[in-house]
Amino acid sequence: MTTAASRYVRERVRRWRSGSTEGQREVLAVLMVCVLASFTISVVDYDLVPFTAFFVWLIVGMLLLRFWFLAVMTGWTALAAVSAMLIDGPVTGPRGAALLTLGVAVSLILYQSSRQRSGLPSPLSEALLSELKERLQSQGALPALPPGWHVETAMIASDGVGYAGDFLVADLADGGRHFELVLVDVCGKGLGAGPQALQFAGALGGLIGSLPPAELMQAANRFLLRRHLDDSFATAVHVAVDLDEGRYSITSAGHPPALRWEAAADVWHIDNARGMAIGIEPDPELTVSEGVLAPGDALLFYTDGVIETPTSDLDSGIDWLRDVAREAIHQGPVGSARRMVARVERGDDDRAVLLLSRTGGASTAPG
């Protein structure tokens, strides 16, 4: 009996969490019965359930119900509360103020519910946003590279909200020999850019490793153009690396220039791959750079939120990052990305740093 009851309750909770109409009807029915029970007790002994006690059911309904079901719930609760008051006695001055407060509360509750863009009550909307955050983070999971290589990333959303327009997708193929990744910065920042970043990340995740870099960028460009939105564009950088030989190619689409660490010279070089942002023109101009990473060398990719400030231009920001990156990598590649991001001033743009280094020794887990 206990197991059956537990299973019954879990099924009803699952229906409510899905936001389905059936689940909403069940919750509404339960709440209306509770309000009816409160009304009955209030009629018998008003002091046990006074007028103000019905406000609790209004709040519970706001947390559990979608707008139209909440409208029914608030109407039913207001009717029960007012009826119980009138049965108990005349409407005096304090009771008149309580009725006015009830009217204001009902109006505010219905207004707040009608403004929920997801169409779901607040707890379910929060759960939806949490799932969005988890999916964005899972899209950026980096594979463990073979011995002699290390890759790590550090990302911070604008104002620390946890939802960013910066994301990456990666692929390790050919038995661990061929490594590809794409770092993207979509138009917008923080929570506003999260849904677009998730959709775009899903599209790129299905293409990376299946198309050559130039075709991958062209496919991504067509994807954004098909959206027909004024702000549906992005900058991106793609890198493909032969982990046996250290050969790499970088394809940039409007992204800040990559940096290449030359350990022998103790300097970060500015890569010459350039290009137009994707999602603007049908055939954006893209340039490719190639090279070889020797043991100890590294590649650094980042978004413009890392180098842009209100008081300096991009060139100054890149020079600043080269100095910061030099200090960070001198302490070893592991943790370098986090050390770099920690030096960036907090601002209103998303910030992402990705470091790929050829350590020449045993591999380390991705950061």
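Refer to the structure above for everything that follows.
All figures in this text were calculated on a predicted structure; none of them were measured in a lab.

### Examining the overall build of the chain
A tally of helices and strands in the chain yields 11 helices and 10 strands. Buried positions account for 43% of the 367 residues belonging to the chain. In the chain, the proportion of contacts linking residues at least 24 apart, taken out of those at least 6 apart, comes to 70%. Accessible surface, the chain as shown: approximately 18000 Å² in total, 58% of it carbon and sulfur.

### As for the sheet that holds strand 9 (residues 298-302)
Taken in spatial order, the 5 strands line up as 1-10-9-6-7 in an open sheet, and their pairing is antiparallel. Both edges of this open sheet fall to strand 1 (149-156) and strand 7 (267-270), since each of them pairs with a single strand only. Here the average twist between neighbouring strands, direction ignored, is 20 degrees. Pairing of strand 1 with strand 10 (residues 351-358) involves 8 bridges; the strand directions are antiparallel. By the bridge assignment, Glu152 is partnered in strand 10 with Leu355. Most of the contacts of helix 10 (residues 314-330) go to strand 7, to which it runs at about 140 degrees, and overall it touches strand 6 (259-262), strand 7 and strand 9. Where helix 11 (residues 336-343) meets the sheet, it contacts strand 1, strand 9 and strand 10, and its direction lies at approximately 25 degrees from that of strand 1.

### Describing the environment of Ala201
One can find Ala201 in helix 7 (residues 190-207). The spacing of Ala201 and Ala220 is 19 residues in sequence and 10.0 Å in space, taken between C-alpha atoms.

### With respect to the packing of aromatic side chains
For the structure on display, the rule yields 3 aromatic pairs. On the numbers, 6.0 Å between centres and 70 degrees between planes, the contact of Phe51 with Phe55 is edge-to-face. The exposure class assigned to Phe51 is buried, which follows from its relative accessible area of 3%. Aromatic side chains Phe67 and Trp68 sit 4.9 Å apart centroid to centroid with 75 degrees between the ring planes, which places their arrangement in the edge-to-face category. Residue Trp68 is classed as exposed on the basis of its relative accessible area, which comes to 66%. A cation over an aromatic ring shows up here: Arg95 above the ring of Tyr46, its NZ or CZ 5.1 Å from the ring centre.

### Observations regarding the sheet that holds strand 4 (residues 234-242)
On the basis of which strands lie adjacent, the open sheet formed by 5 strands has the order 2-3-4-5-8 and antiparallel pairing. Of all the strands in the sheet, just strand 2 (166-173) and strand 8 (287-292) have a single pairing partner and so form its edges. Here the strands of the sheet are splayed against their neighbours by 15 degrees on average, with no regard to which way each runs. Set on the sheet, helix 8 (residues 213-225) makes contact with strand 3 (178-186), strand 4 and strand 5 (247-253); between it and strand 4 the angle comes to about 155 degrees.

### Description of the side chain of Ser42
Counting through the fold element by element, Ser42 comes out in helix 2 (residues 21-44). For Ser42, the residues in contact, after removing those within four places along its chain, are Val49, Phe54 and Ala84.

### Here we look at unusual backbone geometry
Phi angles above zero are rare outside glycine, and Asp174 is one such case at about 55 degrees. The residue Asp174 is located in the loop between strand 2 and strand 3 in this model. We note that Asp266 has phi near 55 degrees; this positive angle belongs to a residue other than glycine. The partly exposed category is assigned to Asp266, whose relative accessible area is 27%.

### Side note on the packing of helix 2 against helix 3 (residues 54-64)
Close contact between helix 2 and helix 3 brings their axes to 11 Å; oriented N to C, the two are set at 175 degrees. Here helix 2 lies roughly antiparallel to helix 3, going by the angle between them. Touching Gln24, Val27, Leu31, Cys34, Val35, Ser38, Phe39 and Ser42 of helix 2 are Phe54, Trp57, Val60, Gly61 and Leu64, all from helix 3. Classifying every residue of the contact of helix 2 with helix 3 by side-chain character gives 9 nonpolar, 4 polar and no charged.

### Brief notes about the packing of helix 10 against helix 11
Where helix 10 contacts helix 11, the two axes come as close as 9 Å, and the packing angle between them is 140 degrees. Taken together, the axis directions place helix 10 and helix 11 in an arrangement best described as oblique. The interaxial crossing formed by helix 10 with helix 11 has right-handed handedness. Counted together, Trp320, Val324, Ala325, Glu327, Ala328 and Ile329 of helix 10 and Ser336, Arg339, Met340 and Arg343 of helix 11 form the full contact between these two elements.

### Some words on the pairing of strand 6
In strand 6, alternate side chains face the same way, and those of Leu259 and Trp261 are buried while those of Arg260 and Glu262 on the opposite face are not. Hairpin connection from strand 6 to strand 7: 4 residues lie between these consecutive antiparallel strands, with Asp266 at a positive phi of about 55 degrees. Inspection of the sheet shows strand 6 paired to strand 9 by 3 bridges, in the antiparallel sense. Bridging across to strand 9, Leu259 finds its partner in Leu300.

### Here's the deal with a nonpolar patch on the surface
A grouping of Leu100, Val104 and Leu108 is seen on the molecular surface, where their side chains present a nonpolar patch of about 310 Å² in accessible area. Along the chain, the position of Leu108 falls in helix 5 (residues 93-114).

### Topic: the pairing of strand 7
Sheet analysis places strand 6 next to strand 7, joined by 4 bridges and oriented antiparallel. When the bridges of strand 7 are listed, Arg260 appears paired with His269.

About the thresholds
Residues numbered from 1 in each chain as written. Predicted model: local features only at pLDDT ≥ 70, side-chain atom pairs only at ≥ 80, totals over all residues. Heavy atoms only, no water. Helix = DSSP H or I, 4+ residues; strand = E, 2+ residues; numbered from the N terminus. Buried < 20%, exposed > 50% of the residue type's maximum accessible area, 1.4 Å probe, protein only. Contact = heavy atoms within 4.5 Å. Areas by Shrake-Rupley, 256 points an atom, 1.4 Å probe, with all protein chains shown as cover. Pairing = 2+ DSSP bridges. Axes fitted to C-alpha atoms, helices over the stretch in contact; angles between N-to-C directions. Phe/Tyr/Trp six-rings, centres within 6.5 Å; stacked < 30°, edge-to-face > 60°. Lys NZ or Arg CZ within 6 Å of the ring centre and 35° of its normal. Parallel < 35°, antiparallel > 145°, perpendicular 65-115°, else oblique. Nonpolar A, V, L, I, M, F, W, Y, C, P; charged D, E, K, R; others polar. Left-handed = near helix turned anticlockwise from the far one by under 90°. Patch = residues over 30% accessible without salt bridge, like charges linked within 9 Å, V, L, I, M, F, W, Y side chains within 5 Å. Salt bridge = Lys/Arg side-chain N within 4 Å of Asp/Glu carboxyl O.

Everything listed here is a matter of geometry and, on its own, says nothing about what the molecule does.
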